[in-house]
Each structure stands twice: as structure tokens, then as C-alpha cells.
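Topology and contacts: notes
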Amino acid sequence: MSTTIERGPAGAADAPTTRAMTVPDGQPPRSRRASSTSRIGRAPRGVVVLKWAVIAIAIGFTLLPILYLVTMSFKSPDDILSTRILPSRIAWENWASAFEQAPVLVYLRNSLIAAAIAAVVALAVAIPANFAMARLRTGGSRSMALIVSAYVAPPIVAVIPLFMLVRTAGLMDNVIGLGLIEGLMVTPVAVWLLDGFFRGIPEEIDEAAQIDGCGPVRTLVRIVLPLVAPGVVAVAIIAFILVYNDFLIPLMLTQSTASQTLPVGIALMQGGREVMFGQMAAASLTGMIPVYLLALFLQRWLVGGLTQGSIK
């Protein structure tokens, strides 16, 4: 059984001509526009396959160095010298030897303390500086370029002046002093990254705060700072990672095991006649764990903060 549906009176000169269509009983007529829209909205299968292939390649290149460290940490010295891709046997002794021959946990603790202090110092300087430049129009239009230019020069240029200043201040071979110096060195990056967050806030908010009787300090603490909180967290994570991975400044400003950081400790893991590559790989993987956990738990803040700062 079927039903024929026609539209428009037959023989009418001014009526639009329509096409008759046969619809099975119990089924409404399908909209040709809806079916064509669904076909247009769906991406071709080749595009989907290409997208996932690109994602897989990017993930592979990202994980390749980590997988190489994992395989090296379980290789014997003979396997490392023979350039084998996979170990012939699982050398568990590399992990035990890494913690026996070097205080890896002490190095890790020093790195975490120095990086945390540096992130706090950088934000303590960058937040008021960005508020003054972006909201109070202080410093002129070239102040940001001058601040960023301090980070352009290689760190080796400032090693000797920093060494003299740190020794004069009595902060040599000290984790707290190292964190203070690293925080001041990473401050230009924090100022540059926070600039987009502060300038993205509408000026009407500041005007409303002034009408309510808020001064500059209260406006920063009560109004502006909660709005840029995702950006502050993102910048803190970036500053933490930069200091955590730094090698040159800790090498020059620390001398004893009690204050040396993990990158310096890994560089010093050398035997009498050979470099302990397996132990160095094990120590490196141990040092990656805190940073990966930090990025994992704060991923929402990091991605949200960077996305917010890129939109003005």
C-alpha cells in the first residue's frame, strides 16, 4: 500500500508546479534538505583517517625520547655499547645502582624547592608589574620590549656578575638563594606571558571598582587577580618547569650535594672509566615523574589559562 501526495491544484496557471511522490504507508516523507545537510556535515573518511594519522605521528615523536630513556635504563653496559635498540636482558641493577651511587632523592628535593621558590618570586614581581603596565599605563609602550630583552641574552653572559652578587649576599651553595636567583631570571618570561591576560580585561571593570572606592591595590587583589587566576596558574607551571630543567645556573651557584639540583647531579654520575648511561637514564626518568604529575593534575588550568591569554 502506498499513498500519492500532490501539491497545488492541477491546471492552475499561477500555482507552482510540484512533483508527486509516493510514500509508503506509516512513514512520513523524508526531507531532502535534512539528508543533504547530514551528508555535508559529516567529514569524509579520508580526512578522518589523515587526522588520526597526524595525531599518532605527533604522539610518537613526543614519546620517542621517553621510550628511548626507558629502554636505556634497562640495558646492560654491553647492550649500550653495541647500540642495540632493545636490551638483550632486563638490567634491573641500573635502578638500584642509581640510588646507591648518587643521592637522587636529595637532588630531586632541591630541584623541587628551587623551582617552587622561583615560581613564587617570578609571580610576585610579574603580577604588580603587569598591572601597572596594562591597567595603570605605567612605563610607556616600550617597557615590555625592554623587559623581554633581558631574557634574550644567553645566561652565560650573566654568570660572573651573578656569582659575585650571590657570594657577596651570602647565598652561595644555598637552595633558597638558588631559587631567588632563578626566580629573578625567569621574571621576564612571566611578565611577557601575563601581559595578554591583564590587557584582555575590560577597562569598565576598573572604572566600576574606582566608583565603589577601590584603590589600585584593592582593585588588583579583589577584582583583577581572580579574573586572571587561570593565567597565573599557567605561568607558574611554565616558570616551574623552566627552573626545574635549568642546568647552567645551578652548576655555577651550587657546590655541595646538599644544594645541587637533579640536572647537575645527573651530569656528575660518571664512573672511574665509563659514563653510567643506564643509571643516568633511571635518574632522569625519576626526575620526570613529578613534572608529569604536576602537568596532569593542573592540565585544565594550564590549557584554559593559555587559551584565555591567546584571546583578546
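Thresholds, definitions, all that
Residues numbered from 1 in each chain as written. Predicted model: local features only at pLDDT ≥ 70, side-chain atom pairs only at ≥ 80, totals over all residues. Heavy atoms only, no water. Salt bridge = Lys/Arg side-chain N within 4 Å of Asp/Glu carboxyl O. Helix = DSSP H or I, 4+ residues; strand = E, 2+ residues; numbered from the N terminus. Buried < 20%, exposed > 50% of the residue type's maximum accessible area, 1.4 Å probe, protein only. Phe/Tyr/Trp six-rings, centres within 6.5 Å; stacked < 30°, edge-to-face > 60°. Core = buried A, V, L, I, M, F, W, Y, C linked by side-chain atoms within 4.5 Å. Contact = heavy atoms within 4.5 Å.

We now examine the pattern of salt bridges. Under the definition given, this model contains 4 salt bridges. Close ionic contact of Asp206 with Arg135 constitutes a salt bridge, the shortest N to O distance being 2.8 Å. With Asp206 in helix 9 (residues 203–211) and Arg135 in the loop between helix 5 (104–134) and helix 6 (143–152), this pair connects stretches of sequence that are 71 residues apart. Residue class for Asp206 comes out buried when judged on its relative accessible area of 10%. When its relative accessible area of 12% is taken as the criterion, Arg135 is described as buried.

Okay, the packing of aromatic side chains next. Remark: the centre distance and the inter-plane angle together describe each pair of aromatic rings, the angle taken between the planes. Evaluated as defined, the whole model comprises 3 aromatic pairs. Seen from their ring centres, Phe74 and Trp92 are 5.1 Å apart, and the 75° between their planes marks the pair as edge-to-face. In this pair, Phe74 sits in the loop between helix 2 (45–73) and helix 3 (77–81) while Trp92 sits in the loop between helix 3 and helix 4 (93–101), placing the two residues 18 residues apart along the sequence. For Trp92, a relative accessible area of 59% corresponds to the exposed category. Residues Phe240 and Tyr244 carry aromatic rings whose centres are separated by 5.9 Å and whose planes lie at 15° to one another, so their mutual orientation is stacked. Taken together, the residues span about one helical turn, with Phe240 and Tyr244 both in helix 11 (residues 229–244) at a distance of 4 residues. Per residue, the accessibility class of Phe240 equals that of Tyr244, and both read buried. Linked through ring pairs, Phe74, Trp92 and Trp95 together constitute an aromatic cluster.

Leu123, Ile127, Leu194, Phe198, Tyr244, Leu262 and Met269 are the most contacted members of the largest nonpolar core, which totals 42 residues. Elements represented by at least two residues in this core include exactly helix 5, helix 8 (175–199), helix 10 (216–227), helix 11, helix 13 (262–267) and helix 14 (277–297). Looking at which element gives the most residues to this core, the answer is helix 5, with 13 residues. With residues near it in sequence (within four places) discarded, Phe198 still touches Ile127, Asn130, Phe131, Ala134, Arg135, Leu220, Val224 and Val228. Ranked by size, the runner-up nonpolar core spans 10 residues in total, among them Ala114, Val175, Ile181 and Leu253.

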